[in-house]
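In case you want the letters, here they are:
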Amino acid sequence: EAAVTQSPRNKVAVTGGKVTLSCNQTNNHNNMYWYRQDTGHGLRLIHYSYGAGSTEKGDIPDGYKASRPSQENFSLILELATPSQTSVYFCASGDRAHQDTQYFGPGTRLLVL
Amino acid sequence: SQWGEENLQALSIQEGEDVTMNCSYKTYTTVVQWYRQKSGKGPALIILIRSNEREKRSGRLRATLDTSSQSSSLSITGTLATDTAVYFCATDEGSALGRLHFGAGTQLIVIP
């Protein structure tokens, strides 16, 4: 009954290739977020969304695009993957009704060779 | 203590001991949320304290908030090996936009 799911869970990509990470939530939350987490560091916000059709830049958006086609789905797109984008990526959902608490997915481990 | 671009802090203690982790934040916040992240999992909220509260308890957890010094603490009493995780504080920086700013985290290792 996991409320936030991510796919794939693991991905190996080549430099210059296109990568799409997908996230689905069944919480019916308005807001969704994409973070990356690197070893020894906290969570850094890449993109977020307030609802279907909206995307906003977070703190480190360069090299990433996002798409929110529906309330449930939020994708992160790396058009031209680079080794520096090797990381663990987390998707989360949340809204004001839940005091902006964020509910996280299990993460996607991306390796760019 | 943790914040911003600081590297992950690490604590190693024996099971049964009490532990306190600290968090300092830079700007006004309406709430401090503490998350726990176990190995290979996403973070999950464990306790939340609002700006008009000084202390909040939940089971073995106790959070405090001092808005004048812009700091919060998380204490765990009688730690268990299963408390081993990374603990993050997060603030909203007063934003109505639903964004949270996460600290660098504290790696807690509880030795059985």
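Residues numbered from 1 in each chain as written. Chains lettered and ligands numbered in written order. Predicted model: local features only at pLDDT ≥ 70, side-chain atom pairs only at ≥ 80, totals over all residues. Heavy atoms only, no water.

### Thoughts on the state of the cysteines
So, point 1. Counted according to the given criterion, the structure contains two disulfides over all chains.
So, point 2. A sulfur-sulfur distance of 1.9 Å marks the disulfide that ties A:Cys23 to A:Cys91. In this structure the cystine formed by A:Cys23 and A:Cys91 twists about its S-S bond by roughly -75°; its chirality is therefore left-handed. Taken together, the residues span a long stretch of sequence, with A:Cys23 in strand β3 (residues 19–25) and A:Cys91 in strand β9 (residues 87–94) at a distance of 68 residues.
So, point 3. Assessed through its relative accessible area of 3%, A:Cys23 is described here as buried.
So, point 4. Among the residues examined, A:Cys91 registers a relative accessible area of 0% and is labelled buried.
So, point 5. B:Cys23 shares a disulfide with B:Cys89; S-S distance 1.9 Å. (Disulfide = S-S within 2.5 Å. Helix = DSSP H or I, 4+ residues; strand = E, 2+ residues; numbered from the N terminus. Buried < 20%, exposed > 50% of the residue type's maximum accessible area, 1.4 Å probe, protein only.)

### Considerations on the pairing of strand β11 (residues 108–112) of chain A
All names here are of chain A.
So, point 1. Burial along β11 is one-sided: Thr108, Leu110 and Val112 are buried, while Arg109 and Leu111, pointing the other way, are not.
So, point 2. When β9 meets β11, the two strands line up antiparallel, connected through three bridges. Counted as the bridge partner of Tyr89 is Thr108 from β11. (Pairing = 2+ DSSP bridges.)

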